[in-house]
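Letter by letter, the chains look like this.
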Amino acid sequence: MSVMAEQSAVAGRQSVKRLAVDHARIRLRKRRLHELARHLALGLITFLLVAPFYYVLLASLKDSNAIFQYPPDLVPWPPYWGNYANVLSHTNFLRWMFNTLFVATTVTVLKVFLDSMAGYALAKIDFTGRKAVFLLMLTLLMVPGGALVVPLWSLVHSFGLINTYFALILPPLANPLGAILMRQFILGLPRDLENAARLDGLNEFQIYWRIVLPLIKPALVVLAVILFTDQFMSFIWPLIATTSDDLIVLTVGVASLRAHGGVDYGLWSASAVMSLVPIAILFFILQRQFLARSLAGALKQ
Amino acid sequence: MTELHVSANPDPAIELIEVSKHYGKAEAVKAVDLAIAPGEFIALLGPSGCGKSTLLKLIAGLEELTDGEIYVGGKLANYLKPSARNVAMVFQNYALYPHMTVRENVGFPLKMGGVPGEQVKARVEAAANLLQLSAQLERFPDELSGGQRQRVALGRAIVREPLAFLMDEPLSNLDALLRVEMRTELLRLHKRVGRTTIYVTHDQIEAMTMADRIVLMNKGEIQQIGSPSEIYEAPANTFVAKFVGSPPMNLVEGRVEHGSGGLTFHGAMRLVAGKGFAGLSTGQATLGVRPEHIEIVAASHPDAIAARVDLVERVGSDSNVLMIVAGQAPMIASVDAAAALREGDDIHIRIPPEHVHFFDAAGRRVAGKGALQ
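Residues numbered from 1 in each chain as written. Chains lettered and ligands numbered in written order. Predicted model: local features only at pLDDT ≥ 70, side-chain atom pairs only at ≥ 80, totals over all residues. Heavy atoms only, no water.

Caption draft 1: Quick peek at the sheet that holds strand β1 (residues 14-23) of chain B. Residue and element names in this part refer to chain B. Judged by pairing direction, the sheet is antiparallel, and its four strands sit side by side in the order β2-β1-β4-β5 without closing on themselves. Across the chains shown, the open sheet's two edge strands, defined by having one partner strand only, are β2 (26-36) and β5 (75-76). As paired elements, strand β4 (residues 67-72) and β5 share two bridges and run antiparallel to each other. Bridged to Y71 within β5 is L76. Where helix α1 (residues 52-60) meets the sheet, it contacts β1, β2 and β4, and its direction lies at approximately 115 degrees from that of β1. (Pairing = 2+ DSSP bridges. Helix = DSSP H or I, 4+ residues; strand = E, 2+ residues; numbered from the N terminus. Contact = heavy atoms within 4.5 Å. Axes fitted to C-alpha atoms, helices over the stretch in contact; angles between N-to-C directions.)

Caption draft 2: Representation of the environment of R123(B) within the structure. Turning to its location among the elements, R123(B) is positioned in helix α3 (residues 117-130). Among the residues examined, R123(B) registers a relative accessible area of 21% and is labelled partly exposed. (Buried < 20%, exposed > 50% of the residue type's maximum accessible area, 1.4 Å probe, protein only.)

Caption draft 3: Structural view of the packing of helix α10 (residues 204-215) of chain A against helix α11 (residues 217-233) of chain A. All names here are of chain A. The interhelical angle for the contact between α10 and α11, taken along N-to-C directions, is 70 degrees, at an axis separation of 5 Å. By the angle class used here, α10 and α11 are roughly perpendicular. For the pair α10 and α11, contact is made by L213, P214 and L215 and by K217, P218 and L220, respectively. (Parallel < 35°, antiparallel > 145°, perpendicular 65-115°, else oblique.)

Caption draft 4: Highlighting the interface of chain B and chain A. Listed by partner, the interface residues are 28 residues for chain B and 24 residues for chain A. Regarding the contact of chain B and chain A, the summed buried area is about 2400 Å², with carbon and sulfur atoms giving 59% of it. At the surface where chain B touches chain A, the tally comes to zero salt bridges. Counting across the chain B and chain A interface gives four residue pairs in polar contact (both at pLDDT 80 or more). Of all the secondary-structure elements, those providing two or more residues to the side of chain B that touches chain A are α1, β6 (87-90), α2 (102-112) and α4 (146-158) of chain B. Tallying contributions element by element places α2(B) first for the side of chain B that touches chain A, with four residues. In the side of chain B that touches chain A, the residues fall into 16 nonpolar, six polar and six charged. (Buried area = accessible area lost by both parts, 1.4 Å probe. Salt bridge = Lys/Arg side-chain N within 4 Å of Asp/Glu carboxyl O. Polar contact = N/O pair within 3.5 Å; in protein donor to acceptor, adjacent residues only side chain to side chain. Nonpolar A, V, L, I, M, F, W, Y, C, P; charged D, E, K, R; others polar.)

Caption draft 5: Representation of the pairing of strand β16 (residues 305-315) of chain B. Residues and elements named next belong to chain B. Examined bridge by bridge, β16 and strand β19 (residues 346-350) share four bridges and lie antiparallel to one another. Bridge assignment links I305 to a residue of β19, and that residue is I349. Taken together, the eight bridges between β16 and strand β17 (residues 318-325) define a ladder with antiparallel strand orientation. Directly across from V312, in β17, lies its bridge partner V321. As consecutive antiparallel partners, β16 and β17 are separated by two residues, and within that stretch G316 has a phi angle of approximately 65 degrees, a positive value.

Caption draft 6: Local environment of the side chain of T54(B). Residues and elements named next belong to chain B. Positionally, T54 belongs in helix α1. The exposure class of T54 is buried, given its relative accessible area of 15%. Sequence-distant contacts of T54, defined by excluding residues within four places in its chain, comprise K21, Y23, A28 and V29.

Caption draft 7: Main features of the confidence of the model for chain A. Residues and elements named next belong to chain A. Mean pLDDT for chain A: 85, with 90% of residues reaching 70 or above. Of all helices and strands in chain A, the one with the weakest mean pLDDT is helix α2 (residues 64-67) (78), whereas helix α4 (residues 93-124) scores best (94). Here residues 292-301 is a poorly scored stretch, pLDDT under 50, and it has 26 contacts once near neighbours within four places are set aside; other chains count. (pLDDT = per-residue confidence, 0-100.)

Caption draft 8: Summary view of the packing of aromatic side chains. Going through the model one piece at a time under the given rule, you end up with 15 aromatic pairs over all chains. With 5.9 Å between their ring centres and 15 degrees between their planes, F205(A) and W209(A) make a pair best called stacked. Taken together, the positions of F205(A) and W209(A), both in helix α10 and four residues apart, correspond to about one turn of that helix. Through successive ring pairs, a cluster of aromatic residues spans F113(A), Y120(A), F205(A), Y208(A) and W209(A). Its guanidinium or amino end placed over the ring of Y232(B), R290(B) lies 3.9 Å from that ring's centre, counting from NZ or CZ. (Phe/Tyr/Trp six-rings, centres within 6.5 Å; stacked < 30°, edge-to-face > 60°. Lys NZ or Arg CZ within 6 Å of the ring centre and 35° of its normal.)

Here it is, written out as structure tokens:
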């Protein structure tokens, strides 16, 4: 090979190399742009979600004059704690909180138990009328809650339960959604697992309790969170089912702050922020449960 | 584990009398009679949907029978709960409890049976030892390989020391190599533990290699019960003939008539049946011959039948030759791969009368080598 040819070959190789480097750079730039766009979008969504909360938090930390200042002070310093003190001293807040927690916890525990049992029966036990029961439950899902309020009230009233905890706890237990959800989860469990359990000498309840429940734990946690938040935030039914001060739940209580001689936005915001605390704690605790051991390993690969 | 032995007792370990199972109008199992001796390894073989798994579930008590009687250990088991039948089952998908360790999985049936903790521990460890699972006792099922899961499932059955093992296609989820390995291991285990085993499979090789007796089923009915060699050498009907053996037996339709040399089969080819076909009579018949018995001969051979090679499949040392015999009947011959045959070759074959089977118009075996006279 001549020297010339060799040189041109080297030059050619170098230019190919340069081209490759250029391409890599362009690709990198493109990727960075994509990443930037993605982060901008995520940032915007986060802002939209967080801003209202932050605004309420801000309002709770300002006195009544500062709340209406324009432009608003985004970092009130020093924070004003008077609103929180007022909520605790001038309202029945702690009692409302207790009522809400008591009702929501009771409903959640009972309902997770009942729904998972009903779900097991609907999924795995071949009883007469199973299809009819399931269809009825599906149909009930389509009835809007508002349409049920009046008949439900007269029903509960006829039992003489208005103004008792029973009025708050019993009606939500009848909601079919949880049992339907549980049925779907339990249907997904392999039939051979129950068969193995049956051969191991377990009765129907033991299969439910020792085999099925541990395996649907993630689903139970999801259901529990849905039920608890649902109860925590329910408003209409607790409003009409109770009139006694001792039975008022958080949502009704906080709303009632408005009724007592105009609106104190600072007080209102502080009570709203405080009522979020239990829900936030619940989410943090249960977050880890969502990652519970999955079904992998029971089935073929 | 306690000493296990095969009893010389002629009483069957498991006996089925006229057992039927219907789902609505569909008959999954039709009037099955079967007696299984203690210590016997029985393979329930058949195509999918033939009722073999349903039959196993009926024995286990996981399905209720429509009609008939099931005796386990001499006791009527029709109304016994699955756990009271003293049988252990190994499932196709292993059915291990995912939330329990290997130790808990294997010990679970004992714990449920009220066996004291110390004893559970000892028996679980003995079973784990037998199955080489001792190192995996504290692991969860999803941390195990397919073969290990399979062993755990076996361990859970063994630890109960049941009267019989019921296995529902236990190897079908393993890859080919592991399946062969586990097959040998299962057989060794059976020899060692000596318990009655009913093994459901659709794999004829598993059935042929492992079973003392094969129960071949189709459409809910037993087609034939017999040792692997009986099933292979004297298939009771055309279904069995076709199902067992790979490649399957060649079947040729035709008629048997009186000829100059005695009874003669007229079909795609003419074949003088000669002596030794005691049950054979004139009329519609199907002739059967296994691929490995077909011989390739010179055109000058007195029995030569002309054939044209259609396709040659090489399978290691043998070749499966698909051919059209006498211009009309497709047949397969297994020949030495050294016989270099090509597509389109014109060859001559011989069907040795001593290896021929005859089936009547209804497909039932009437005569042939090793006939059931």
